[in-house]
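Here is what each chain is made of, one letter per residue.
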Amino acid sequence: MDIELKKLSVTDGIDIYNMLQEIPKDENGLVNGCNGLSYDEYKEWLIHSDNMANGIGLEDWMVPQNTYWLYIGGKPVGMGKLRHRLTEKLKEEGGHIGYAIAPSYRSRGYGKLLLKSLIYEAKKMDIDRLLITIQNFNTASVQVALSNGGIIERVNDTRTYIEIVTNAR
């Protein structure tokens, strides 16, 4: 199985666009801002997302965030987001990492592969501890995080807070 994690590029094409149309706009807490956009709007979204990764045009509550695509066998099957740091608000809702696999590719272990790849990217960025906040009903994502070395730090009425140490330092 050929597995590759690619960082978002402003030149990404129709294969990414089509995958993003399959991932719901807001599912289990991951916001897919591209779902429902026209292809031209998608191209603008790519530029905006690339700017976010570079800290350009961020609103007060935002932090730089990289977006990645998981490719399996040359086809994009999922997306992941990695925040460079956390604000107090993001420590409660959001965390460092969000990820989703397109529905037609689920239940094949790709979520686990995607999270493992995002953890590796965080390590390269010298992020030594990652926080993932997962809605309590999303037991599949909790299992994915735990299988990638995550430890449940706490649970409240709505979210499970999982920490992953990357050993970046």
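The model shown is predicted, which means the values in this text are computed figures rather than measured ones. In this numbering scheme, every chain counts its residues from 1 along its sequence in written order. In view of the model being predicted, local features appear only for residues whose pLDDT reaches at least 70, and side-chain atom pairs are presented and counted only at 80 or more, with totals across whole chains, interfaces and linings using the full set of residues. Remark: hydrogens and water are excluded; side-chain values derive from all non-hydrogen atoms of the structure.

J.: Please give an account of the overall build of the chain that cites residues and values.
T.: Across its full length, the chain holds five helices and nine strands. The order of α-helices and β-strands along the chain, N terminus first, is β-α-β-β-α-β-β-α-β-α-β-α-β-β. When we talk radius of gyration, it's over C-alpha atoms, and the globule rule is simply 2.2 Å times the number of residues to the 0.38. Against the 2.2 N^0.38 benchmark of 15 Å for 169 residues, the chain shows a C-alpha radius of gyration of 15 Å, consistent with a compact globule. If you line up the chain on its principal axes, its C-alpha atoms span 40 × 40 × 35 Å. Within the chain, buried positions represent 46% of all 169 residues. For the chain, contacts bridging at least 24 residues in sequence account for 61% of all contacts bridging at least 6. Areas reported here follow the Shrake-Rupley algorithm with a probe of radius 1.4 Å; residue values treat only the protein chains shown as occluding. Total accessible area computed for the chain in this model is approximately 8800 Å², and 49% of it derives from carbon and sulfur atoms. Under the convention used here, Asp and Glu are negative, Lys and Arg are positive, and both His and the chain ends fall outside the count. Lys charges are placed at NZ, Arg charges at CZ, Asp charges at CG and Glu charges at CD. Each charge class in the chain can be summarised by its mean position, and for the 20 positive and 22 negative side chains these summaries are 5 Å apart. By definition, any uninterrupted DSSP run of H or I lasting at least four residues is a helix, any uninterrupted run of E lasting at least two residues is a strand, and each is numbered from the N terminus. Note on classification: 1.4 Å probe, protein chains only; a residue is buried when its accessible area is under 20% of the maximum for its type, exposed when over 50%, partly exposed between these limits. Any two residues whose heavy atoms approach within 4.5 Å are treated as being in contact.

J.: Pulling in residues and values, what's your account of the packing of aromatic side chains?
T.: Here a Phe, Tyr or Trp ring, Trp counted by its six-membered ring, pairs with any other such ring whose centre lies within 6.5 Å, and the pair is stacked when the planes are under 30 degrees apart, edge-to-face when over 60, and tilted otherwise. Within this structure, the stated rule accounts for four aromatic pairs. With a centroid separation of 5.4 Å and an interplanar angle of 45°, the aromatic rings of tyrosine 39 and tyrosine 42 are classed as tilted. Remark: tyrosine 42 and tyrosine 39 occur in helix α2 (residues 39-53); sequence separation between them is three residues, near one turn of the helix. Residue classification places tyrosine 39 among the partly exposed positions, given a relative accessible area of 31%. What makes tyrosine 42 buried here is its relative accessible area of 0%. Feature note: the residues Tyr17, Tyr39 and Tyr42 constitute an aromatic cluster, connected by ring pairs.

J.: I'd like to hear about the sheet that holds strand β6 (residues 97-101), residue by residue, with values.
T.: With antiparallel pairing, the four strands of this open sheet are ordered in space as β1-β4-β5-β6. Looking at the sheet topology across the chains shown, the edges are occupied by β1 (3-7) and β6. Strand-to-strand twist in this sheet, taken as the mean axis angle between neighbours without regard to direction, amounts to 20°. At least two bridges found by DSSP between two strands are what make those strands a pair. Two strands pair when backbone bridges link them, and β1 and strand β4 (residues 65-72) are joined in this way by five bridges, in the antiparallel orientation. When the bridges of β4 are listed, lysine 7 appears paired with tyrosine 68. A fitted line through C-alpha atoms serves as each axis, taken over the contacting stretch for helices, and the angle formed by two N-to-C directions is quoted from 0 to 180°. Where helix α4 (residues 110-124) meets the sheet, its contacts fall on β1, β4, β5 (75-83) and β6, and the angle it forms with β6 comes to roughly 150°.

Function-wise, these values are silent; they only describe arrangement.
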